[in-house]
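What the coordinates show
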Amino acid sequence: MKICIFGAASNLIDKKYIDATEKLGEYLAQNGHELVFGAGGNGLMGAAARGFKRKGGKIHGVIPTFFRDECVEVIYKECDQLIFTETMAERKSKMEDLADAFIIVPGGIGTFEEFYEVLTLKQLGRHTKPIALYDIDGYYDKLEEFMEYSMNEGFINKVCKEIYACAETPEKVLNYIENDKPIKRSIRDLKNG
């Protein structure tokens, strides 16, 4: 299975996140999976790639050409496949198309945006791919509280809790990814609650 990992590109984060993401990459590769990611060499993107590479996993990187041309981000050099796109939107679309599942490790605004896009698309029935938040050291606890609050206030449909998982170990993340039962939703299902 090709698993897309979305996560931080910054190296200015606590080492516990980098170590845990490298271990996740190792675990996924050991279990026969491939990585799809934003091709960054730093932060948690780089950590996931290093973990995959260490255990012999295949790596598919996707990055806009301007990142290379303008030195926006360090590109991970050991990708088995490196795809260049013109825009950020094309990058994300390509990663979504390549992936069979999504894991969201800790990150910032870009990572949140990626999570909410694949979650929204799944909620609207545009795909049935598993989505899991990797909750390293409680990083996503407040996000989960906010999601619950928004559901209780009626801003997010309750069905949303059925279409992703939040897990704190690589084993639990992979168990969900490998065993998620696809739920095909339509806009009509959402309106009917």
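See above for the structure.
Residues numbered from 1 in each chain as written. Predicted model: local features only at pLDDT ≥ 70, side-chain atom pairs only at ≥ 80, totals over all residues. Heavy atoms only, no water.

1. Brief notes about the environment of L133
For L133, the location among the structural elements is in strand β6 (residues 131-134). Sequence separation between L133 and I5 is 128 residues; the distance between their C-alpha atoms is 9.8 Å. (Helix = DSSP H or I, 4+ residues; strand = E, 2+ residues; numbered from the N terminus.)

2. Re the packing of helix α4 (residues 88-98) against helix α5 (residues 109-123)
Interhelical geometry of α4 versus α5 gives an angle of 55° and a closest axis separation of 12 Å. Between α4 and α5, the crossing angle belongs to the class labelled oblique. Seen from above, α4 lies across α5 with right-handed handedness. Across from K92, M95 and E96 in α4, the residues of α5 making contact are E113, E114, E117, V118 and L121. Looking at the contact of α4 with α5, its residues break down into three nonpolar, no polar and five charged. (Axes fitted to C-alpha atoms, helices over the stretch in contact; angles between N-to-C directions. Parallel < 35°, antiparallel > 145°, perpendicular 65-115°, else oblique. Left-handed = near helix turned anticlockwise from the far one by under 90°. Contact = heavy atoms within 4.5 Å. Nonpolar A, V, L, I, M, F, W, Y, C, P; charged D, E, K, R; others polar.)

3. Observations regarding the sheet that holds β6
The strand order across the open sheet built from seven strands is β4-β3-β2-β1-β5-β6-β7, with neighbouring strands paired in parallel fashion. Strands at the two margins of the open sheet, each flanked by one partner only, are β4 (81-85) and β7 (165-167). Strand-to-strand twist across the sheet, computed as the mean angle between neighbouring axes with direction ignored, equals 25°. Along the sheet, α5 makes contact with β1 (2-6), β5 (101-104) and β6, crossing β6 at roughly 150°. Each of β1, β5, β6 and β7 is contacted by helix α7 (residues 170-179), which is oriented at about 175° to β6, the strand it contacts most. (Pairing = 2+ DSSP bridges.)

4. Digging into the side chain of T65
Here T65 is to be found in helix α3 (residues 65-69). The buried category is assigned to T65, whose relative accessible area is 15%. For T65, the contacting residues outside a window of four places in its chain are F84, T85 and E86. (Buried < 20%, exposed > 50% of the residue type's maximum accessible area, 1.4 Å probe, protein only.)

5. A short note on the nonpolar core
Side chains of a nonpolar character, in soluble globular proteins, are inclined to be buried together. Within the largest apolar cluster, 32 residues are counted, with the highest numbers of intra-cluster contacts made by I5, I103 and I177. Listed by contribution, the elements that provide at least two residues to this core are β1, α1 (15-30), β2 (34-37), α2 (43-54), β5, β6, β7 and α7. Aside from chain neighbours lying at most four places away, what touches I5 is L24, L28, L35, V36, F37, A48, F52, I103 and V105. The next biggest cluster of nonpolar side chains, apart from the first, holds 23 residues, and it includes I83, I104, M147 and I163. (Core = buried A, V, L, I, M, F, W, Y, C linked by side-chain atoms within 4.5 Å.)

6. Considerations on the packing of aromatic side chains
The way to describe two aromatic rings as a pair is by their centre distance and the angle between their planes. Evaluated as defined, the whole model comprises six aromatic pairs. On the numbers, 5.9 Å between centres and 10° between planes, the contact of F6 with F102 is stacked. Taken together, the residues F6 in strand β1 and F102 in strand β5 connect sequence positions 96 residues apart. A centroid spacing of 5.0 Å and a plane angle of 50° characterise the contact between F115 and Y116, whose relative ring orientation is tilted. For Y116, a relative accessible area of 28% corresponds to the partly exposed category. (Phe/Tyr/Trp six-rings, centres within 6.5 Å; stacked < 30°, edge-to-face > 60°.)

7. Some details on unusual backbone geometry
Positive phi outside glycine occurs at A39, with the angle close to 70°. Classification of A39 by relative accessible area gives buried; the value is 0%. The backbone phi angle of D137 is positive, close to 50°, even though this residue is not glycine. Among the structural elements, D137 can be located in the loop between β6 and α6 (141-152).

8. Description of the pattern of salt bridges
Think of it this way: side chains of opposite charge can pair up when their charged atoms draw near. Applying the stated criterion to the full structure yields 13 salt bridges. Across the pair K142 and E145 runs a salt bridge whose closest N-O atoms are separated by 4.0 Å. Of this pair, K142 and E145 both sit in helix α6, three residues apart, which is roughly one turn of that helix. Residue classification places K142 among the exposed residues on the basis of a relative accessible area of 61%. The residue E144 makes a salt bridge to K161 at a minimum N-O spacing of 2.9 Å. (Salt bridge = Lys/Arg side-chain N within 4 Å of Asp/Glu carboxyl O.)

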